[in-house]
Amino acid sequence: MCPTGRFDGTSFQGSNCALPDSKDEFIASYSESVAKLLRSEMSSDEFKPARVINGIYEQRDDGKYMMRLRIVASKISCDQLRLVSCVAKRHNAEHIHLTSRQTIQIHGIQVADTPEMMGIFADAGLGMMGGGGDGVRNIAVSPFSGTSPCELFDTAPYAVEMTRVLLNQKENYKLPRKFKIAFAGSDMDFEPVSIADIGFLAAVENGEPGFRVYGGGGLGAKPRMADLVLPWIPCKDCIRAAEAMRRFFHANGDRKNRSAARLRFVFERIGKDAAISAFREIYSECVEEGVPECRIVPLINPNPIRPDSPSHLPDFFEGLAFWTQRDNNLVSVRMAVPFGIISPDDAEKLADIAGQFSENADLRTSQKQDFILKNVRIERLSQLSRSLESLEIDRLRRSPSVSMTVCTGASVCRLGACDSRSTAMECSKALESAGIPREIIEDADIRISGCPNNCARHSLAGIGFSGIVKNIDGHRVPFYKCFINFGASYPRTELNSEIGVIPADSLPDFLLRLLSTFVSERMPEELLSTFIQRQGKQRICDMLSEFSATQRCD
């Protein structure tokens, strides 16, 4: 039964609740701003700061809004997901969207409904504070944290504790620009750390668990890989390091030019060495002045493994993608959500199914816009597969679409240049019709962003595309920049390369040509990344040129 007002949230006590102590003040202040807007006592421009800091954004259709929920350490309980579904249905939401930042967005709602929704979600441990604007965003962590055979120790508890601490500091809502943090338990999960404003990679030195600390990374139109800013710190100092980077950003960030306000531009402007030196000085000050330590005791994996093949690639059973956990009798299963879009009805059914098959009765959000169901007994995969057939999205389980990362695009987002979802669907149809094997599409790591803002993280894709618009004979025509990874398959330690521009209508044909060539010419068990390295940049560019594309093979 969907609640009609505030409630005590006792049924949600087992979830990763990390809300600021001042959440009621946030909600009251925001509710007052909405009331003023509806009474025409506040303009839309005046209202914008109040909604954006709480993760509420205008959509392309006038009068419709999106609200973003912070999913702490990627974990959402089945009860919480049922509540999200219920509230979304009651307020006639268009759909629920899983983002590449591991948050959940509810699309197509009315601004008048948002205060009540905000209060209900907060009572259930689902915060929106800091979900947008110039503050600390959702902290990224592997959805496999705690069960991965590769990780050194579980980093999720550190993400929970850091969220709790940082959201209770008011200065963290008034930074020069957004501030992104990531944790990784092994270098196989390095990607989010490599593009974070500050990232923490698990490392053990002389038997003591700790972190290698990276900083100054980020995506957007001008992406930058993070630098190693501290070679190692003990686990207890991770919050001190985050506080030091926040202070460095606060002191040096550009508050006048928003297009150059992210932390990575500070590293570029003053130079890598100067930035690292200044950060380390502030870090030492944080230690000396007694910034609180992190009290989490690490849950160490006694026998981490280094896989012979990329651990990001799943096995398959009846169309289900799954990964073996440390306990070989348990697996983590991808609950495929094509392009991250799921209806409220499907979300409710999925919560019920997850409760039946997971020993934890929760789900994890992934950076590939899916849910991960952990701790499923391997002998129950067939039964789980049949249960998922009740979902509308399950008809696409074997479709290439579930292996692509795609942003919302111009159909929804006001910043979108191209309709990335429609483009991705055409690509999916072309690959499926040609019979390109699912394993190859998974390995290709296709990511499509509707604009240069990199929401699909195309700059780290195996094959990435970024939407732009060209003026041709007085008409606005959609195109995509094409990016190819010519380096290692995984983990990614460098940005991919832009090789040219292709008309949106030709993109599916180019993608099909590239993957078909790989299927016919690959060596036994060769990965796509190895094949592309072997072929060389010029041959890939030559393929692109066949589809009326502008090349960049210099």
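Everything here concerns the structure above.
Residues numbered from 1 in each chain as written. Predicted model: local features only at pLDDT ≥ 70, side-chain atom pairs only at ≥ 80, totals over all residues. Heavy atoms only, no water.

On to the environment of Ile120, then. Within the fold, Ile120 resides in helix H4 (residues 114–123). Separated by 76 residues in sequence, Ile120 and Ala196 have C-alpha atoms that sit 31 Å apart. (Helix = DSSP H or I, 4+ residues; strand = E, 2+ residues; numbered from the N terminus.)

On to the side chain of Ser399, then. Along the polypeptide, Ser399 turns up in the loop between helix H11 (381–388) and strand S16 (405–406). Here the side chain of Ser399 touches Ser428 through a polar contact of 2.9 Å, side chain to side chain. Ignoring sequence-local partners within four residues, the contact set of Ser399 consists of Ser428 and Glu432. (Polar contact = N/O pair within 3.5 Å; in protein donor to acceptor, adjacent residues only side chain to side chain. Contact = heavy atoms within 4.5 Å.)

Here we come to the sheet that holds strand S2 (residues 65–69). Here 5 strands make up an open sheet; going across it, the order is S1-S2-S5-S4-S13 and the pairing antiparallel. Each edge of the open sheet carries a strand with a single partner, namely strand S1 (56–58) and strand S13 (341–342). Running over the sheet, helix H2 (residues 44–52) touches S1 and S2 and is turned about 140° from S1. (Pairing = 2+ DSSP bridges. Axes fitted to C-alpha atoms, helices over the stretch in contact; angles between N-to-C directions.)

Enumeration according to the criterion identifies 43 salt bridges in this entry. Note that Lys75 and Asp362 form a salt bridge whose closest N and O atoms lie 3.8 Å from each other. Placement of Lys75 in strand S3 (residues 75–77) and of Asp362 in strand S14 (residues 362–365) is noted, with a sequence separation of 287 residues between them. Ionic contacts of the salt-bridge type, sharing partners, join the residues Glu191, Lys368, Asp445, Arg447 and Arg457 into one network. (Salt bridge = Lys/Arg side-chain N within 4 Å of Asp/Glu carboxyl O.)

Now for empty space enclosed by the protein. Applying the stated criterion to the full structure yields 3 cavities of 30 Å³ or more. Computed from the structure, the largest cavity encloses a volume of approximately 90 Å³. Looking at the largest cavity, the residues that line it are Leu320, Arg334, Met335, Ala336, Leu350, Leu388, Leu391, Ile393, Asp394 and Arg397. In the lining of the largest cavity, the residues fall into 7 nonpolar, no polar and 3 charged. (1 Å grid on protein atoms, 1.4 Å probe; cavity = no way out; pocket = protein on both sides within 12 Å on 5 of 7 lines; lining within 4 Å. Points joined across faces, edges and corners; volume = space filled by probe spheres on them. Nonpolar A, V, L, I, M, F, W, Y, C, P; charged D, E, K, R; others polar.)

An order of S3-S14-S15-S12-S11-S10 is seen for the 6 strands of this open sheet, with the pairing classed as antiparallel. The sheet is open, and its two borders are formed by S3 and strand S10 (315–317), each paired with just one other strand. Pairwise comparison of adjacent strand axes, ignoring direction, gives a mean angle of 35° for this sheet. Note: S14 against strand S15 (residues 371–377), 2 bridges, orientation antiparallel. Along S15, the bridge assignment pairs Arg364 with Ile372. Of the strands in this sheet, S3, S14 and S15 touch helix H3 (residues 78–90), which is tilted by about 80° from S3.

Glancing now at unusual backbone geometry. One non-glycine residue, Asn206, lies in positive phi territory at about 55°. Inspection of the secondary structure puts Asn206 in the loop between strand S7 (198–205) and strand S8 (208–215). Judged by its relative accessible area of 84%, Asn206 is exposed. One non-glycine residue, Phe339, adopts positive backbone phi at about 60°. Inspection of the secondary structure assignment puts Phe339 in the loop between strand S12 (330–335) and S13. A relative accessible area of 6% means that Phe339 is categorised as buried. (Buried < 20%, exposed > 50% of the residue type's maximum accessible area, 1.4 Å probe, protein only.)

Here the focus is the nonpolar core. In terms of nonpolar packing, the biggest core is built from 62 residues, with Val84, Ile106, Phe121, Val333, Met335, Phe371 and Leu384 touching the most fellow members. Once residues lying within four places of it in the same chain are set aside, the contact partners of Phe371 are Ile76, Leu81, Leu98, Ile104, Val333, Arg334, Met335, Val337, Leu350, Leu363, Arg364 and Thr365. (Core = buried A, V, L, I, M, F, W, Y, C linked by side-chain atoms within 4.5 Å.)

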